[in-house]
Amino acid sequence: MIRMLAIILGFQLVGEVASRALGLPLPGPVLGLVLLALACILRPALAEAIRPTASGLLSHLSLFFVPAGVGIVAHWDLLRVQGLGLAVAIMGSTALALAAGAWAFSVVARLTGTEDRQALKDQGRE
């Protein structure tokens, strides 16, 4: 298990170093994950070897939320005072992000001409 964790973390390290060295706008761990996925595709034996360790990590994924829970408990007084404002800000920004994403998608679909004509006919828009 230690060897497989070292391999997984090694890919993360390679991704981090490559991302910083090349000035990529992609986080290092994401690049490392892509490299790990490519390595697993190219060498299925690697995928089989790390599967038990990866499954073990995923089965205990909830432990990664413990620090967030501790932070909430530690700052409970601040959350009690500012909680309503935080909730409104989070819900509002989420709604705006969804609307902006939908708008951007529709603009790109129109510009590239990739709208589904049949769907438009079904909706009575064409």
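Residues numbered from 1 in each chain as written. Predicted model: local features only at pLDDT ≥ 70, side-chain atom pairs only at ≥ 80, totals over all residues. Heavy atoms only, no water.

We now examine the overall build of the chain. Across its full length, the chain holds 6 helices and 0 strands. Classification of the 126 residues of the chain by burial places 13% in the buried group. In the chain, of all internal contacts separated by at least 6 residues, the share reaching a separation of at least 24 is 33%. A total accessible area of about 9900 Å² is found for the chain, and carbon and sulfur atoms account for 73% of it. (Helix = DSSP H or I, 4+ residues; strand = E, 2+ residues; numbered from the N terminus. Buried < 20%, exposed > 50% of the residue type's maximum accessible area, 1.4 Å probe, protein only. Contact = heavy atoms within 4.5 Å. Areas by Shrake-Rupley, 256 points an atom, 1.4 Å probe, with all protein chains shown as cover.)

For the rest of this paragraph, the subject is the packing of helix H1 (residues 2–22) against helix H2 (residues 28–42). H2 packs onto H1 with a crossing angle of 125 degrees between their chain directions and a minimal axis gap of 7 Å. Here H1 is positioned oblique relative to H2, judged by the angle of their axes. For the pair H1 and H2, the sense of crossing is right-handed. Together, Ile-8, Phe-11, Gln-12, Val-14, Gly-15, Glu-16, Ala-18 and Ser-19 of H1 and Gly-28, Pro-29, Leu-31, Gly-32, Leu-35, Leu-36 and Ala-39 of H2 make up the contact between the two elements. Across the contact of H1 with H2, the residue classes tally to 9 nonpolar, 5 polar and 1 charged. (Axes fitted to C-alpha atoms, helices over the stretch in contact; angles between N-to-C directions. Parallel < 35°, antiparallel > 145°, perpendicular 65-115°, else oblique. Left-handed = near helix turned anticlockwise from the far one by under 90°. Nonpolar A, V, L, I, M, F, W, Y, C, P; charged D, E, K, R; others polar.)

Taken as a whole, the largest pocket spans an internal volume of roughly 200 Å³. In terms of lining, the largest pocket is formed by Ile-8, Leu-9, Gln-12, Leu-36, Ile-50, Ala-54, Leu-57, Leu-58, Leu-61 and Phe-64. Mapped onto the lining of the largest pocket, the elements with two or more residues apiece are H1 and helix H3 (44–59). The biggest single contributor to the lining of the largest pocket is H3, with 4 residues. In terms of residue class, the lining of the largest pocket is made up of 9 nonpolar, 1 polar and no charged. Taken as a whole, the second largest pocket spans an internal volume of roughly 150 Å³. Elements represented by at least two residues in the lining of the second largest pocket include exactly H1 and H2. (1 Å grid on protein atoms, 1.4 Å probe; cavity = no way out; pocket = protein on both sides within 12 Å on 5 of 7 lines; lining within 4 Å. Points joined across faces, edges and corners; volume = space filled by probe spheres on them.)

Tracing the backbone shows Thr-53 in helix H3. The buried category is assigned to Thr-53, whose relative accessible area is 5%. Each residue touching Thr-53, except ones within four places of it in the same chain, is listed here: Met-1, Met-4, Leu-5 and Ile-8.

Looking now at the UniProt feature "transmembrane region" (unreviewed entry) in the chain. According to UniProt, the "transmembrane region" (unreviewed entry) feature falls on residues 29–46, 58–78 and 84–108. The straight-line gap between the two end C-alpha atoms of residues 58–78 is 32 Å; of that span, 67% is helix and 0% is strand. (UniProt positions renumbered as here; feature names shortened; annotations may be inferred.)

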